[in-house]
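Tertiary structure, described
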Amino acid sequence: MRVLPVWEEWLRRWPEPADLAREPAGEAVRSWGRLGYPRRALRLHAAAVAIGQDHGGKVPADYTELLALPGVGSYTAAAVAAFAFGRRETVVDTNIRRVHARLFSGAALPSPALTAAEMRLAAQLLPDDAGTSVRWNAAVMELGALVCRARAPKCSACPVRDRCSWRAAGEPPPSYVPKGQAWHGTDRQVRGAVMAVLRLADSPVPAEMFQQAPADLGFEPSGTGVPLAALHRLNSAPEQLERALAGLLEDGLAELHQGGYRLPG
DNA sequence: AAATCGTGGCC
DNA sequence: TGGCCAAGATT
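In short, a report on the structure.

**Some points on the overall build of chain A**
The helix and strand tally for chain A stands at 15 helices and three strands. Across its three principal axes, chain A shows a C-alpha extent of roughly 70 × 45 × 30 Å. The contacts of chain A with a sequence gap of at least 6 include a subset with a gap of at least 24, amounting to 55%. Averaged over its 30 positive side-chain charges, chain A has a centre that lies 8 Å from the centre of its 27 negative ones.

**Section: the protein's contact with DNA strand B**
Close to DNA strand B lie Arg-2, Arg-34, Gly-36, Tyr-37, Pro-38, Arg-39, Gln-181, Trp-183, Arg-188, Arg-191, Gly-192 and Arg-199, which account for all nearby residues. Considering DNA strand B, the proportion of its atoms within 4 Å of the protein that are sugar or phosphate atoms stands at 64%. Between Gln-181 and DNA strand B, the recorded distance is 3.5 Å, taken from a side-chain N or O atom to a base nitrogen. In this structure, Arg-191 approaches DNA strand B through a side-chain N or O atom, which is 2.6 Å from a phosphate oxygen. Elements with a minimum of two residues in the surface near DNA strand B: helix 4 (38-54) and helix 11 (187-200). A total of four residues in the surface near DNA strand B trace back to one element, the largest contributor, which is helix 11. Its residues assigned to classes, the surface near DNA strand B comprises three nonpolar, three polar and six charged.

**Regarding the environment of Trp-166**
Among the secondary structure elements, Trp-166 is positioned in helix 10 (residues 165-168). A relative accessible area of 6% places Trp-166 in the buried class. Between the C-alpha atom of Trp-166 and that of Leu-125, which follows or precedes it by 41 residues, the distance is 18 Å. In terms of polar contacts, Trp-166 uses its side chain to reach the backbone carbonyl oxygen of Pro-172, at 2.7 Å.

**Regarding the nonpolar core**
Counting residues in hydrophobic clusters, the biggest one holds 30 residues, and the most contacted among them are Trp-10, Val-29, Val-194, Leu-198, Val-205, Phe-210 and Leu-231. Contributions of two or more residues to this core are made by helix 3 (25-32), helix 4, helix 11, helix 12 (207-211), helix 14 (225-233) and helix 15 (238-251). The residues that make up this core include at least three from each of domain 1 (1-59) and domain 3 (187-262). Among residues more than four places away in sequence, those in contact with Val-194 are Phe-210, Leu-231, Leu-241, Leu-245 and Leu-248.

**Here's the deal with the side chain of Arg-102**
Inspection of the secondary structure assignment puts Arg-102 in helix 7 (residues 94-105). Here Cys-148 takes part through its backbone oxygen, which lies 3.3 Å from a polar atom of the side chain of Arg-102. Beyond its immediate sequence surroundings of up to four residues, Arg-102 is in contact with Ala-107, Ala-108, Leu-109, Cys-148, Arg-149, Ala-150, Pro-153, Cys-164, Ser-165 and Trp-166.

**Considerations on the protein's contact with DNA strand C**
Inspection of the region around DNA strand C gives 14 residues, with Tyr-37, Gly-71, Gly-73, Thr-76 and Gln-181 positioned closest. Backbone atoms, meaning sugar plus phosphate, form 79% of the atoms of DNA strand C positioned within 4 Å of the protein. In this structure, a phosphate oxygen belonging to DNA strand C sits 2.6 Å away from a side-chain N or O atom of Thr-76. With three residues, helix 6 (residues 74-84) is the single largest residue contributor to the surface near DNA strand C. Residue composition of the surface near DNA strand C, grouped by class: four nonpolar, six polar and four charged.

**Quick word on the packing of helix 3 against helix 4**
In helix packing, the relevant descriptors are the interaxial angle and the interaxial distance, both defined with respect to the helix axes. Look at helix 3 against helix 4: their axes get within 8 Å of each other, and the N-to-C directions meet at 135°. Taken together, helix 3 and helix 4 sit at an angle that is classed as oblique. Here helix 3 runs over helix 4; the crossing is right-handed. Note on element contacts: helix 4 touches helix 3 through Pro-38, Arg-40, Ala-41, Leu-42, Leu-44 and His-45, opposite Ala-25, Ala-28, Val-29 and Trp-32. Residue classes in the contact of helix 3 with helix 4 are distributed as eight nonpolar, one polar and one charged.

About the cut-offs
Residues numbered from 1 in each chain as written. Chains lettered and ligands numbered in written order. Predicted model: local features only at pLDDT ≥ 70, side-chain atom pairs only at ≥ 80, totals over all residues. Heavy atoms only, no water. Helix = DSSP H or I, 4+ residues; strand = E, 2+ residues; numbered from the N terminus. Contact = heavy atoms within 4.5 Å. Lys, Arg positive; Asp, Glu negative; His and termini not counted. Charge placed at Lys NZ, Arg CZ, Asp CG, Glu CD. Near = heavy atom within 4 Å. Polar contact = N/O pair within 3.5 Å; in protein donor to acceptor, adjacent residues only side chain to side chain. Nonpolar A, V, L, I, M, F, W, Y, C, P; charged D, E, K, R; others polar. Buried < 20%, exposed > 50% of the residue type's maximum accessible area, 1.4 Å probe, protein only. Core = buried A, V, L, I, M, F, W, Y, C linked by side-chain atoms within 4.5 Å. Domains from an automatic or database assignment. Axes fitted to C-alpha atoms, helices over the stretch in contact; angles between N-to-C directions. Parallel < 35°, antiparallel > 145°, perpendicular 65-115°, else oblique. Left-handed = near helix turned anticlockwise from the far one by under 90°.

Structure below.
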């Protein structure tokens, strides 16, 4: 998929956390490219720094220590401990939640928020042997991703279809509708367009460059032409652009330098 | 604790 | 083609 080339280049450049930690955070964001959620790149960099400071440059194998790293929540801490270090951890991602919801609750989808009862169930199902538990976690996750999918599940290919509460109940539809996320015309869209400009810019981008058509400016910083045109095409209201820029500054995804915006140095 | 967050694949 | 959707962390 589209992640693979980015991942390979990332590990080629920064094989160890310390290699990433010595870079400016903006380099991580730039290398992240168009994978989305650029804050994840920022937090990955922050995690690399924390690993150097608190763990001697080695990724900790302990769930609680992983959980303390920036950007690492309960799922990621459990997944890293289990899949990277072979630990017996209760891994619960959205796929596993859906499999459990269907098999045991008879619901088409899990509840909107992860509950303590779900964690108890997953912990109870987890095999005792560490090695087996790792395979169990991977297997249930894959079952959810490939067979017990959110839409168009392939029940005919499911190895546990005969024990599925949801199937036994006649596959009732979801009891709630996942709320869609607006995109066109949102601040989020403007943020994305601004980030695309900043990733390609090799020098700080003055605020006025975001507010005018590139053609009207009579100049362009090298490498920003295409995304700048895309940003202008959005025709965002000035206050919306301001909100997006302010939000990016607040999130640490951009900073002001010599009168312009750039990725964090 | 409900809202926010980027992007591309899919139909 | 364009609307819908994914998915975990943070605040």
